[in-house]
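The primary structure of each chain is shown beneath.
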Amino acid sequence: MPNTFFSTERSAIPLATKEYRGRFAPSPSGLLHFGSLIAALASYLDAKHHHGKWLVRIEDIDPPREKIGASQAILTTLEAFGLHWDEQVLYQSQQTQRYNQVLYDLATQKLTYHCQCTRAQIKADGGIYQGRCKTLNLPKQNNAIRLINHFGINQFNDLIQGSVTCDQALAQEDFILKRKDGLFAYQLAVVVDDIFQDINHVIRGCDLLEPTARQLSFFATLKQTPPQYGHIPVASSAQGFKLSKQNKAQAIDNNHPQPALIAALVFLGQATEKEMINASIEEIINWAIKHWQRDKIPKTTEIVIA
Ligand code: GLU
């Protein structure tokens, strides 16, 4: 595709010789809870241990799901936990022109089409979209935009989980890039911004393992080198209560972050020391950067913590 926005340099330089660039990309649909703190911490420590940059991107592309004040509250919590980002925070709500340009370029190359299918219709077809609208040449109005998925990547090597294989049918689906209601889809925004921010390492929760296959197919469509992905287990509570309310030791308290920070390190399989509880946040973070061992992270997709 014409590189309207993406520098060709990205794919020309082998990953090993480039500076590590990682990121944390929360959606402001709520406050940071213990589960998202773990993802923030893991991505931060992995970046800093490798002398890399750590960026924060606020994924605010879904206004109906956004909680007022959540973006600022997330940033305040990250700072309270000593997770200081490099470079300016990127807000996806400011990236509209870029997303539209990519959609335009894809349409020009006949790599997208409009789709009118409802959820109910797809469910009736077995839960996976079967390409019903592909040849209908439907108009843009009130319809979603789907990618013609030529790659259907369903396997990748994860830095933490090892070889991951996703459902073949799901991986081959022509997935949505822009929704019927006019909102940009997560898959479009996340890939365009990972390219735009030159991200080469993505450490995040296992709830995003399956979407990774689609993102790899989309990177391939855009002829861009994907980042290396590493997925940490997600924290869940057997009872389904909010994690931050479940266990006082792990509650997110910006004024006294040590207990949650130490609990997060333990969750990630990292070494901790008794005296840490009395150390400053900066001391704990510096210690954790130095002693970070990616291979100690449990190779499981979920850990029940309460
Ligand atoms: N914004 C997504 C979320 O909060 C994460 C995106 C990503 O890390 O790729 O679940």
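Everything below is about the structure shown above.
Remember, predicted model here, so these are calculated numbers, not experimental data.

**Student:** What is the right way to read the nonpolar core from this model?
**Tutor:** In summary, soluble globular proteins display a tendency toward joint burial of nonpolar side chains. Leu41, Leu78, Leu83 and Ile232 are the most contacted members of the largest nonpolar core, which has 43 residues in total. Taken together, the elements giving at least two residues each to this core come down to helix 2 (34–49), strand 2 (53–58), helix 3 (70–80), helix 10 (258–267) and helix 11 (281–291). Looking at which element gives the most residues to this core, the answer is helix 2, with 10 residues. Ignoring anything within four residues of it in the chain, the contact list for Leu78 reads Phe24, Leu32, Ala40, Trp54, Val56, Leu83 and Trp85. Counting residues in hydrophobic clusters, the runner-up holds 31 residues, among them Val102, Val192, Val202 and Leu222.

**Student:** Whenever I open this one, the sheet that holds strand 2 confuses me. Can you help?
**Tutor:** Backbone hydrogen bonds hold the strands of a sheet together, and the pairing may be parallel or antiparallel. Overall, parallel pairing links the three strands, which are arranged 1-2-3 in an open sheet. A single partner strand is all that each edge strand has here, and the edge strands are strand 1 (21–24) and strand 3 (90–91). Where strand 1 and strand 2 come together, four bridges link them in parallel fashion. In the strand pairing of strand 2, Arg23 is matched with Leu55. Each of strand 1 and strand 2 touches helix 2; the most contacted strand, strand 2, lies at about 150° to it. Its contacts with the sheet put helix 7 (residues 186–196) on strand 1, strand 2 and strand 3, and the angle it makes with strand 2 is roughly 145°.

**Student:** Please explain helix 3 as it appears in this structure.
**Tutor:** Counting along an α-helix, one turn takes 3.6 residues, and residues three or four places apart therefore face a common direction. Three or more residues of helix 3 are buried, namely Ala70, Ser71, Ile74, Leu75, Thr77 and Leu78. Buried residues of helix 3, seen end-on, are gathered within an arc of 160° and therefore sit on one face of the element. Residues of helix 3 that are buried in the fold lie against strand 1, helix 2, strand 2 and strand 3. At the exit of helix 3 stands Gly82, carrying a positive phi of roughly 75°.

**Student:** When you look at the sheet that holds strand 5 (residues 144–147) in this model, what are you seeing that I'm missing?
**Tutor:** Reading across from one edge, 4-5-8 is the order of the three strands in this open sheet, with antiparallel pairing throughout. A single partner strand is all that each edge strand has here, and the edge strands are strand 4 (112–115) and strand 8 (176–178). Strand-to-strand, the axes of this sheet are offset by a mean angle of 45°, without reference to chain direction.

Calculation criteria
- Residues numbered from 1 in each chain as written.
- Predicted model: local features only at pLDDT ≥ 70, side-chain atom pairs only at ≥ 80, totals over all residues.
- Heavy atoms only, no water.
- Core = buried A, V, L, I, M, F, W, Y, C linked by side-chain atoms within 4.5 Å.
- Buried < 20%, exposed > 50% of the residue type's maximum accessible area, 1.4 Å probe, protein only.
- Helix = DSSP H or I, 4+ residues; strand = E, 2+ residues; numbered from the N terminus.
- Contact = heavy atoms within 4.5 Å.
- Pairing = 2+ DSSP bridges.
- Axes fitted to C-alpha atoms, helices over the stretch in contact; angles between N-to-C directions.
- Arc of directions from axis to C-beta.

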